[in-house]
Amino acid sequence: MIDGLTWTFTADAEVYAAAAEPWLLRDPVRNTVLLTVLRGVRSGQFSEDPLMAWRTEGGSVEGAVIHTAPYPLLLGVVPLDALPSLATELIALGRSLPGVTGPLDQAEAFARAWWEPERGRRSERLYRLGSLVPPSVPGVARTAVVADARLATQWFREFQEEADVDVAADATPVVSARINRNELVFWEDGGRPVSLAGVSAPIAGMSRVGPVYTPPALRRRGYGAAVTHAVTRKALDEGATEVLLFADLANPRSNSVYQALGYERVADYASLRFR
């Protein structure tokens, strides 16, 4: 563990959780990604050179981040004035980052301090569920099982390529872990899978939907809305008091679908690519 003036770095998930998790849980909605990734790191899902850090000011934690290769650096709602020093320390550690993901202001502030230029971005909006509105779509929901791993992995990869997110990451261990946690759901019509969605098991009452994927040949039939409703209902039935999802702002159709289901805007986020 390396101590700096404001940031402490560790590869030990339990050390990180002891220090940073209480801060993350102050705002589980806006820190949703870090909380779900932390659970994955603690369970051994992201085992390739993880690096976690928290910022201490006046004896209390005031920010936290996680990096699991080959994914981008994940930022919580970190004070903006702390991000230049974070970039400086990561550079000193020789950390290689493909990009950064987080609340829009935080992601842009970190990118301005990083040594590589921004080469592209994905703009997203974080939504939270208000009142759930069911769609009228033929079919039925089914939780994915081990026998579905091959198809689910294929669809995860197609989602990554189409959305241009985490393209270098192998979806296989993520799909396996999520099937084991009963976090993936298919929508079936006529006995065949037509859409897929994931939803995280509740953390501090918070669950997040994603990804949501329908193969191109099966789109515009309401399947994406149906499977999103199904996993949202699943999260509520399992005790979630907040259900969240991210939508790509370049896709107005998906944003309108989620709003029609009862999701409401929280804040804007961005994934900025350095290479």
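As shown above, the structure is provided for reference.
This one's a predicted model, so the numbers in the text were calculated from it and none came from an experiment.

Focus on the nonpolar core
Among soluble globular proteins, nonpolar side chains are generally buried collectively.
Then, in step 1: Judged by nonpolar contacts, the single largest core of 42 residues is most densely connected at Tyr16, Leu24 and Leu184.
Then, in step 2: If we skip the residues at most four places from it in the chain, Tyr16 touches Thr10, Glu21, Leu24, Leu34, Leu38, Met52, Ala53, Trp54, Ala64, Val65 and Ile66.
Then, in step 3: Counting 24 residues, the second largest nonpolar core, distinct from the first, contains Val199, Val227, Ala240 and Tyr263.

A word on helix H7 (residues 223-237)
Then, in step 1: For H7, built from 15 residues, the straight-helix expectation of 21 Å at 1.5 Å per residue is met to within 8% by its first-to-last C-alpha distance of 21 Å.
Then, in step 2: Among the 15 residues in H7, 12 count as buried, and that is most of the element.
Then, in step 3: Within H7 the residues assigned to the buried category are Tyr223, Gly224, Ala225, Ala226, Val227, Thr228, His229, Ala230, Val231, Thr232, Lys234 and Ala235.
Then, in step 4: The positive-phi residue at the C-terminal boundary of H7 is Gly239, with phi of around 105°.

A closer look at the pairing of strand E10 (residues 192-199)
Then, in step 1: For E10, the tally of buried residues reaches six of eight residues, placing the bulk of the element in the interior.
Then, in step 2: Across six bridges, strand E9 (residues 184-189) lies against E10 in antiparallel orientation. Counterpart to Phe186 in the pairing with E10 is Leu196.
Then, in step 3: Hairpin geometry of E9 and E10 is characterised by an intervening segment of two residues between the two adjacent antiparallel strands and by a positive phi of about 65° at Gly190.
Then, in step 4: Of the strand pairs in this sheet, E10 and strand E11 (residues 206-213) are connected by three bridges, and their pairing is antiparallel. Residue pairing in the sheet places Leu196 in a bridge with Tyr213 of E11.
Then, in step 5: Counted between consecutive antiparallel strands, the loop separating E10 from E11 contains six residues, among which Ala204 sits at a positive phi close to 50°.

Looking at unusual backbone geometry
Then, in step 1: Cis geometry is adopted by the peptide bond preceding Pro70, which originates at Ala69 and carries an omega value of 5°.
Then, in step 2: For the bond running from Gly210 to Pro211, omega is -5°, close enough to zero to count as cis.
Then, in step 3: As for its placement among the helices and strands, Pro211 is situated in strand E11.
Then, in step 4: You will see that Asp166, though not glycine, has its phi angle at about 50°, which is positive.
Then, in step 5: Considering the arrangement of structural elements, one finds Asp166 in the loop between helix H5 (149-163) and helix H6 (171-180).
Then, in step 6: Judged by its relative accessible area of 31%, Asp166 falls in the partly exposed class.
Then, in step 7: Although it is not a glycine, Asn182 adopts a positive phi angle of roughly 60°.

Points about the pattern of salt bridges
Then, in step 1: Following the criterion strictly, the structure yields 23 salt bridges and no others.
Then, in step 2: A salt bridge links Arg121 to Glu118, with the shortest nitrogen-to-oxygen separation between them at 2.9 Å.
Then, in step 3: A residue is classified by how much of its surface remains accessible, and Arg121, at 38% relative accessible area, is partly exposed.
Then, in step 4: With its nearest N and O atoms 2.8 Å apart, the salt bridge here joins Glu162 to Arg219. Here the residue Glu162 occupies a position in helix H5, and Arg219 occupies one in the loop between E11 and H7, the gap between them amounting to 57 residues.
Then, in step 5: For Arg219, a relative accessible area of 31% puts it in the partly exposed group.
Then, in step 6: What emerges from the salt-bridge pattern is a single network uniting Arg39, Arg178, Arg181 and Glu183.

A word on the side chain of Thr228
Then, in step 1: Within the secondary structure, Thr228 is located in helix H7.
Then, in step 2: A distance of 2.7 Å separates the side chain of Thr228 from the backbone oxygen of Gly224, its partner in a polar contact.
Then, in step 3: When residues no more than four places from it in sequence are discounted, the contact partners of Thr228 are Val209, Val212, Leu245, Tyr258, Leu261 and Tyr263.

Parameters at a glance
- Residues numbered from 1 in each chain as written.
- Predicted model: local features only at pLDDT ≥ 70, side-chain atom pairs only at ≥ 80, totals over all residues.
- Heavy atoms only, no water.
- Core = buried A, V, L, I, M, F, W, Y, C linked by side-chain atoms within 4.5 Å.
- Buried < 20%, exposed > 50% of the residue type's maximum accessible area, 1.4 Å probe, protein only.
- Contact = heavy atoms within 4.5 Å.
- Helix = DSSP H or I, 4+ residues; strand = E, 2+ residues; numbered from the N terminus.
- Expected span 1.5 Å × (residues − 1).
- Pairing = 2+ DSSP bridges.
- Salt bridge = Lys/Arg side-chain N within 4 Å of Asp/Glu carboxyl O.
- Polar contact = N/O pair within 3.5 Å; in protein donor to acceptor, adjacent residues only side chain to side chain.

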